[in-house]
There are 2 protein chains.
Amino acid sequence: MPYDPSAFPPFAVTVDLVVLTVRRHALCALAVRRGEPPFQGRWALPGGFVRADEDLAQAAARELAEETGLRAHDPAVPVQDNGAHLEQLATYGDPKRDPRMRVVSVAHLALAPDLPAPRAGGDASNARWAPVEELLQQGGYGRDGEPVAPLAFDHAQILADGVERARSKIEYSSLATAFCPPEFTVGELRRVYEAVWGVALDPRNFHRKVTGTPGFLVPTGGTTTRQGGRPAQLFRAGGATLLNPPMLRPEV
Amino acid sequence: MPYDPSAFPPFAVTVDLVVLTVRRHALCALAVRRGEPPFQGRWALPGGFVRADEDLAQAAARELAEETGLRAHDPAVPVQDNGAHLEQLATYGDPKRDPRMRVVSVAHLALAPDLPAPRAGGDASNARWAPVEELLQQGGYGRDGEPVAPLAFDHAQILADGVERARSKIEYSSLATAFCPPEFTVGELRRVYEAVWGVALDPRNFHRKVTGTPGFLVPTGGTTTRQGGRPAQLFRAGGATLLNPPMLRPEV
DNA sequence: AGTGTTTATCGTCAGGCAGACGACTATGAT
DNA sequence: ATCATAGTCGTCTGCCTGACGATAAACACT
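Just so you know, these numbers come straight off a predicted model, no measurement behind them. (Residues numbered from 1 in each chain as written. Chains lettered and ligands numbered in written order. Predicted model: local features only at pLDDT ≥ 70, side-chain atom pairs only at ≥ 80, totals over all residues. Heavy atoms only, no water.)

**Q** Can you break down the overall build of chain A residue by residue, with the values?
**A** A tally of helices and strands in chain A yields five helices and nine strands. Tracing chain A from N to C terminus, the helices and strands come up as β-β-β-β-α-β-β-β-α-α-α-α-β-β. In chain A, which comprises 252 residues, the share counted as buried stands at 52%. For chain A, contacts bridging at least 24 residues in sequence account for 64% of all contacts bridging at least 6. For chain A, the accessible surface area stands at approximately 11400 Å², while carbon and sulfur atoms represent 53% of it. (Helix = DSSP H or I, 4+ residues; strand = E, 2+ residues; numbered from the N terminus. Buried < 20%, exposed > 50% of the residue type's maximum accessible area, 1.4 Å probe, protein only. Contact = heavy atoms within 4.5 Å. Areas by Shrake-Rupley, 256 points an atom, 1.4 Å probe, with all protein chains shown as cover.)

**Q** Mind laying out the pairing of strand S5 (residues 85-92) of chain B, listing which residues take part and the relevant values?
**A** Two faces belong to every sheet, and in a regular strand the side chains alternate between them. Residue and element names in this part refer to chain B. Counting buried residues in S5 gives seven out of eight residues, a clear majority hidden from the surface. Pairing of S5 with strand S6 (residues 103-111) involves seven bridges; the strand directions are antiparallel. Looking at the pairing, tyrosine 92 lines up with serine 105 of S6. (Pairing = 2+ DSSP bridges.)

**Q** Talk me through the interface of chain A and chain B; I want residue IDs and the actual numbers.
**A** With 49 residues of chain A at the contact, the number on the chain B side is 49 residues. Of the roughly 3800 Å² buried between chain A and chain B, counting both surfaces, carbon and sulfur atoms make up 60%. Summed over the shared surface of chain A and chain B, the result is zero salt bridges. Taken together, the elements giving at least two residues each to the side of chain A that touches chain B come down to strand S1 (12-23), strand S4 (47-49), helix H1 (56-68), strand S5 (85-92) and strand S6 (103-111) of chain A. Tallied by class, the residues present in the side of chain A that touches chain B amount to 24 nonpolar, eight polar and 17 charged. (Buried area = accessible area lost by both parts, 1.4 Å probe. Salt bridge = Lys/Arg side-chain N within 4 Å of Asp/Glu carboxyl O. Nonpolar A, V, L, I, M, F, W, Y, C, P; charged D, E, K, R; others polar.)

**Q** Quick one: what's the story with the environment of histidine 155 of chain B, residue by residue and with numbers?
**A** Residue and element names in this part refer to chain B. Within the secondary structure, histidine 155 is located in helix H3 (residues 155-172). According to the relative accessible area criterion, histidine 155 is buried, its value standing at 0%. It is 9.3 Å that separates the C-alpha atoms of histidine 155 and leucine 136, two residues lying 19 residues apart in sequence. A distance of 3.3 Å separates polar atoms of two side chains, one belonging to histidine 155 and the other to aspartate 16. (Polar contact = N/O pair within 3.5 Å; in protein donor to acceptor, adjacent residues only side chain to side chain.)

**Q** Account for the packing of helix H4 (residues 186-197) of chain B against helix H5 (residues 203-212) of chain B, naming residues and giving values.
**A** Residues and elements named next belong to chain B. The geometry of H4 relative to H5 is characterised by a closest axis approach of 10 Å and an angle of 105° between their N-to-C directions. Judged by the angle between their axes, H4 and H5 are roughly perpendicular. When H4 is examined against H5, the residues Val186, Leu189, Arg190 and Tyr193 are found in contact with a partner set consisting of Pro203, Phe206, His207, Val210 and Thr211. The class makeup of the residues in the contact of H4 with H5 is six nonpolar, two polar and one charged. (Axes fitted to C-alpha atoms, helices over the stretch in contact; angles between N-to-C directions. Parallel < 35°, antiparallel > 145°, perpendicular 65-115°, else oblique.)

**Q** Give a description of the relation of the copies chain A and chain B that names residues and reports values.
**A** For these two chains of identical sequence, chain A goes onto chain B by a turn of 180° and a shift of 0.0 Å along the axis, with RMSD 0.0 Å. As the rotation angle and translation indicate, the two copies are arranged about a two-fold axis. The fraction of interface residues of chain A whose copies in chain B are also interface residues reaches 100%, indicating that both copies meet through the same surface. (Least-squares fit on C-alpha atoms with pLDDT ≥ 70 in both.)

**Q** Quick rundown of the environment of alanine 31 of chain B? Include the residues and the values.
**A** Residue and element names in this part refer to chain B. Residue position: alanine 31 is located in strand S2 (residues 26-33). With relative accessibility at 0%, the residue alanine 31 sits in the buried group. Counting along the chain gives 101 residues from alanine 31 to valine 132, while the straight-line C-alpha distance between them is 9.9 Å. In this structure, alanine 31 is in contact with Trp43, Ala44, Asn126, Ala127, Arg128 and Leu135, ignoring residues within four places of it in sequence.

**Q** Explain helix H3 (residues 155-172) of chain A to me, and be specific about the residues and the numbers.
**A** Across its 18 residues, H3 of chain A extends 26 Å between first and last C-alpha, which sits within 8% of the 26 Å expected from 1.5 Å per residue. Three or more residues of H3 of chain A are buried, namely His155, Ala156, Ile158, Leu159, Gly162, Val163, Ala166, Ser168, Ile170 and Glu171 of chain A. (Expected span 1.5 Å × (residues − 1).)

**Q** Which residues make up the packing of aromatic side chains, and what are the values?
**A** Following the criterion strictly, the structure yields eight aromatic pairs over all chains and no others. Between tyrosine 193 of chain B and phenylalanine 206 of chain B, the ring centres sit 5.5 Å apart and the planes meet at 65°, which makes this aromatic pair edge-to-face. With a gap of 13 residues between them, tyrosine 193 of chain B in helix H4 and phenylalanine 206 of chain B in helix H5 connect regions that are remote in the sequence. Phenylalanine 206 of chain B carries the same exposure label as tyrosine 193 of chain B, and that label is buried. Grouped by ring-pair contacts, the aromatic residues Tyr193, Trp197 and Phe206 of chain A constitute a single cluster. (Phe/Tyr/Trp six-rings, centres within 6.5 Å; stacked < 30°, edge-to-face > 60°.)

Remember, this is a structural readout, not a statement about activity or role.
Dropping the structure here:
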C-alpha cells in the first residue's frame, strides 16, 4: 500500500549522536546535560531537530560540529585527518519515547580521536566525556559515590546499540583507526582495541596481524617514544576499509 | 542542542520493505506497481505511512502482513515456522526523495521462505517477485525484451542496501535459514547461500561446515528425496544465531 | 536387472592463520 | 650499570578451510 498523501500523521524528526572516543584506556561517549524538561538536569545524548531542507547525514554532521567542533568524514575517504567517522546507526520511533509529542530519532554513530575538551554551545559544564559503562549502568552509584541517573529518553538503548556497533565493526574493518590521531603506533592502535572490547590482547600477535594485513597500515617512516620504552614505528591508516580475514574478538 | 519543542518542521514517516526470498535459484524481491503519481505505473518497494500510535517495527510488520500474509518473527525467537525475519535496515531522508513533501522512510529488511504467490490487496497483477538483478539494472531490457524502468523514488538504493545487508549477514549468522521452509536439507540451505551470493559452493565443504557448527542445525530425524538423488537428512534451524567462525563468502 | 545420473555424505591432505609464548632490542628512569 | 617498559621478530601447535577422491542411496532409463 504505497504512499497516500491525503492524510498522514505529522512527526518530528531528530538526529541523536553516539560520539565515541577512547580516553585513558576507556571507551567514552559524549553526554550533554538537559537544561529543560522533560528529564531536566539528566544526561542525554547530543542531538537536535532535522531542518526542513537538510538531509539526515547533513543534520548529523551539523550537530556533531556544533557539539565537538569535529568535521565529519566523507565515508568514501579513508580516515586520515582529525575528522571523525560518522555513520547512520538506527532509528527509534516508539510512540511514547518522548512524552511531549511523536518524535522519530535517527541515531548516528561517530568515532573520534581523543579530543581536547567537549563544548556544548560554549558551556563546558553541560557536556562531558563519560565512560560508557558509567552511562549505561542503571541506577547505581558512580565512582564518586554519587547516585547515577539513567540517561534521558531511550538514550541508554541508543548508546548500547552504538557501542555494540562499534565493537563489532572494528572486527572486520579498519575503523579502529578513527579513534587514533593521524599518526599512531601499533601499540596505540592495540590499546584502542583493548579499550573498545574491554579485553587484553597479546602485543606480539596483534602486531603480526595488523602489520601483515595489506592496506591496513602505512608506515610514515617516523618513530616515537611518547608511550615510553623502545621507539615505535609510526603509521597512518591505509586505504583498506574491509579487513579480510577479520580481527577476531576473543571469546569471553 | 537537545530538543526544542517550540518549532520543528513536520515530516511524514513511512516504512518501506525489502522483502527477499529465493525462488528458482535466484534472489528475488517483492515489488508492487504504483497506482498513482508520482512514478505511476512504475515498480516500487511495498511500504506505507506509520500510524500515529504505532512503533516502527509494528508498522513494518503490519505492512509485511498486508502485502504477503506473513507474520513477522520476534527477533529473539529462532526462525522456525513460516514467519519471516524482519529487521530495521536504514533510514532515508533526502529532502527531495519524494517530490510531494518531506518524507522520511525507515526501510526494513524481511527474509521469507518461498511463498505461494504475492498479493497486493488482493490484486496479484500489481505485485510480483522479481530477481533483484532485474530490479536493480537501470534502464536496460529485461529477459522478455521489454524495457526496464528503474524503481520509483530512491528504492533502487534501498533495495541494493537490503541485498548487501542480507549477503553479509548470512555470513556470520544463521539467518539463511529464514529463506528455508521449517524443515530443510543441507543441500537446500546450500542453494540459498548460492542464490544470495551468486556463487557456487563445494557441497562437501559446505556440509562439513554447517553440520559441524554447534547449534546451527538440529536434525529432525526425517529424510526427503524432494530434490532427487539420495535421500537427505532433514534439519530445523537450531538456536544459534551467531556463527563463529563465520561462513566465509568466497572472494571474487 | 543393469546402467547412468543425481544428490548426499564421509574422508584425506596441504596450506593458512591464530593463540601461546620465548627471545631480543631500544629507549628512559633510578 | 641496572631495571622497567614497550616494541619487534620467531617458533610451534592446533584448527579451519579449500581442493578433491570415494562411497552411498535414490530415480530414470533401457
